[in-house]
Amino acid sequence: RLPPDAVIQVWKGLDDLERLLGEGRRVVVSNADAWYLDCGAGSFVDGGPSWCDPYKSWEAVYMNEPAGGGAEGGEGGPDGDP
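The notes below deal with the structure included here. (Residues numbered from 1 in each chain as written. Predicted model: local features only at pLDDT ≥ 70, side-chain atom pairs only at ≥ 80, totals over all residues. Heavy atoms only, no water.)

1. Things to note about the overall build of the chain
Here is step 1: From N to C terminus, the chain includes two helices and three strands.
Here is step 2: The linear arrangement of helices and strands in the chain, starting from the amino end, is β-α-β-α-β.
Here is step 3: Taking all 82 residues of the chain together, 29% fall into the buried category.
Here is step 4: A fraction of 45% describes how many contacts in the chain between residues 6 or more apart in sequence connect residues 24 or more apart.
Here is step 5: Within the structure as shown, the chain displays about 5400 Å² of accessible surface, and the carbon and sulfur contribution to it stands at 54%. (Helix = DSSP H or I, 4+ residues; strand = E, 2+ residues; numbered from the N terminus. Buried < 20%, exposed > 50% of the residue type's maximum accessible area, 1.4 Å probe, protein only. Contact = heavy atoms within 4.5 Å. Areas by Shrake-Rupley, 256 points an atom, 1.4 Å probe, with all protein chains shown as cover.)

This is the structure we're talking about:
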C-alpha cells in the first residue's frame, strides 16, 4: 500500500489516472498518447515501427490535456522511456 502523500506516475492506462485523481492522489502523467516525442519515427534499434506509432504532431502534444489538466505535471521520455 502506498503512503497517502505518494506521487504516482501514470504512463499507460489513463483510466487509472481518472481513478487516482478521484481518490485525491497526486499524479504525474507521462502518457504515450501524445507526449512521447519519438513516436512515429520508427525504432532506432531495427528500423521497424515504433511501439508508440503513429507520429504525434506538435498540435496533438500541445492540445493533450489528460484528465482535463488535473494532474500535477507531465513528462515524456524523448527516447520512448519515462
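2. Observations concerning the side chain of Lys-56
Here is step 1: With respect to the helices and strands, the residue Lys-56 is situated in the loop between β2 (26–29) and α2 (58–63).
Here is step 2: As a buried residue without a salt bridge, Lys-56 has its nearest oppositely charged side chain in Asp-53, at a separation of 6.6 Å.
Here is step 3: Separated by 2.9 Å, the side chain of Lys-56 and the backbone oxygen of Pro-54 make a polar contact.
Here is step 4: Excluding its chain neighbours within four sequence positions, the residues that come into contact with Lys-56 are Ala-32, Asp-33, Ala-34, Cys-39 and Val-61. (Lys, Arg positive; Asp, Glu negative; His and termini not counted. Salt bridge = Lys/Arg side-chain N within 4 Å of Asp/Glu carboxyl O. Polar contact = N/O pair within 3.5 Å; in protein donor to acceptor, adjacent residues only side chain to side chain.)

3. Overview of the pairing of strand β1 (residues 7–10)
Here is step 1: In β1, alternate side chains face the same way, and those of Ile-8 and Val-10 are buried while those of Val-7 and Gln-9 on the opposite face are not.
Here is step 2: Where β1 lies against β2, four bridges are found, and the strand directions are parallel. Looking across to β2, one finds that Gln-9 is bridged to Val-28. (Pairing = 2+ DSSP bridges.)

4. Notes on the pattern of salt bridges
Here is step 1: Per the stated rule, a full pass over the model turns up two salt bridges.
Here is step 2: The partner of Asp-16 in a salt bridge is Arg-19, with the nearest N and O atoms 3.7 Å apart. Taken together, the positions of Asp-16 and Arg-19, both in helix α1 (residues 14–22) and three residues apart, correspond to about one turn of that helix.
Here is step 3: Judged by relative accessible area, Asp-16 falls into the partly exposed class, the value being 35%.

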